[in-house]
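Commentary on secondary and tertiary structure
Spelled out, the chains give:
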Amino acid sequence: MESLLKVPLILSSAIALHISFTTKNLPSSKEIVHQTLNEWIFTLLVKYGFPTIKAFYWAVSFAEIATIACHTTDPTSVSVIRDTPITFFFIFGTALAITGGLTRWWCYRTLGRFFTFQLSVREGQHIITTGPYAVVRHPSYTAGMVQIIGILILHGSTNSWLRHSGVLDIPGLKLITFAWLAEITLLMISAVLRVSQEDEILKSTFSSEWERWAEEVKYRLIPGIY
């Protein structure tokens, strides 16, 4: 019965990640800012990495739910893939993952059509200073990092289902997991490097408007720190 309580939490973290890595706002070619090497890498991650990150996460989520269903319907069954109980790290990681996802969604709603994965300045765009953008200048990156940290805690802790159930003993799955982690790591590094470039573009485009905003919202990612 305890394991069944995990199901809505597993689905919630998967939905949160799916929302965070999905946007329908596509700028035109004339709105996209000239790409640096880091922006080229980030664009490739958006185009090819985001779909695979989402697909892998949904696959792991459904696999864990299937394991829970199997052990719940037949508790006496002997399965190679073990079920795992709810732990503090499961709850904590899920809370961070959902919080990060909801904050990213809040950023999407606040920026509206101006929110794109591509580094761009859209026609009619202006500096948004409300909602999460009144706290830090790049809250979507902060939220994304909180979400990723939550996911790593959720699935990377010692007693997590991914590590403790035996599923990684399936041939090839450990390699796929490492490749997924490499994508996530590269994405986080690229996002941090992107912050400075995004600030420079906004500053050069909106000048005094950006200066006033930067004076009021001094920190880029973490209030009081950075």
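The notes below deal with the structure included here. (Residues numbered from 1 in each chain as written. Predicted model: local features only at pLDDT ≥ 70, side-chain atom pairs only at ≥ 80, totals over all residues. Heavy atoms only, no water.)

**Examining the side chain of Arg194**
The line we're drawing: The helix count covers DSSP runs of H or I at least four residues long, the strand count covers runs of E at least two residues long, and both are numbered beginning at the N terminus. Whenever two N or O atoms come within 3.5 Å, that pair is a polar contact, provided that in protein one can donate a hydrogen and the other can accept it, and provided that, for residues adjacent in sequence, both atoms are side-chain atoms. By definition in these notes, contact holds between two residues if any of their heavy atoms fall within 4.5 Å.
Mapped onto the fold, Arg194 is located in helix 6 (residues 173-206). There is a polar contact of 2.9 Å between the side chain of Arg194 and the side chain of Tyr141. Other than its neighbours up to four places away in sequence, Arg194 contacts Asn38, Glu39, Phe42, Phe117, Gln118, Leu119 and Tyr141.

**Some words on the environment of Leu187**
Selection criterion: Residue burial is assigned from relative accessible area. The probe radius is 1.4 Å, only protein chains are included, and a residue is buried under 20% of its type maximum, exposed over 50%, and partly exposed in between.
Relative to the helices and strands, Leu187 is located in helix 6. A residue is classified by how much of its surface remains accessible, and Leu187, at 10% relative accessible area, is buried. Filtering out sequence-adjacent residues up to four positions away, Leu187 remains in contact with Phe21, Phe42, Leu45 and Phe50.

**Focus: the layout of surface pockets**
For clarity, the cut-off: Every definition here rests on a 1 Å grid over the protein atoms only: cavities are sets of points where a 1.4 Å probe fits but cannot get out, pockets are open sets enclosed by protein on both sides within 12 Å along at least five of seven lines, and lining residues have some atom within 4 Å of a point. Grid points are joined across faces, edges and corners, and a volume is the space filled by probe spheres set on the points. Polar here means any residue outside two lists: the nonpolar Ala, Val, Leu, Ile, Met, Phe, Trp, Tyr, Cys and Pro, and the charged Asp, Glu, Lys and Arg; Gly therefore counts as polar.
When its volume is computed, the largest pocket comes out at roughly 240 Å³. Contributing to the lining of the largest pocket are 15 residues, with His155, Gly156, Leu162, Thr177 and Leu181 lying nearest its centre. Counting residues per element, the ones that place at least two in the lining of the largest pocket are helix 2 (37-73), helix 4 (139-156), helix 5 (161-164) and helix 6. Looking at which element gives the most residues to the lining of the largest pocket, the answer is helix 6, with 5 residues. Grouping the constituent residues of the lining of the largest pocket by class yields 10 nonpolar, 3 polar and 2 charged. Approximately 190 Å³ is the volume found for the second largest pocket. Forming the walls of the second largest pocket are Phe21, Thr22, Thr23, Asn25, Leu26, Thr43, Val46, Lys47, Phe50, Lys54, Phe117 and Gln118. Grouping the amino acids of the lining of the second largest pocket by side-chain chemistry returns 5 nonpolar, 5 polar and 2 charged.

**Some words on the environment of Phe206**
Along the polypeptide, Phe206 turns up in helix 6. Judged by relative accessible area, which is 11%, Phe206 ranks as buried. Residues Phe206 and Ile127 lie 79 residues apart in sequence; the distance between their C-alpha atoms is 7.5 Å. Residue contacts for Phe206: discarding those within four places in its chain leaves Val121, Gln125, His126 and Ile127.

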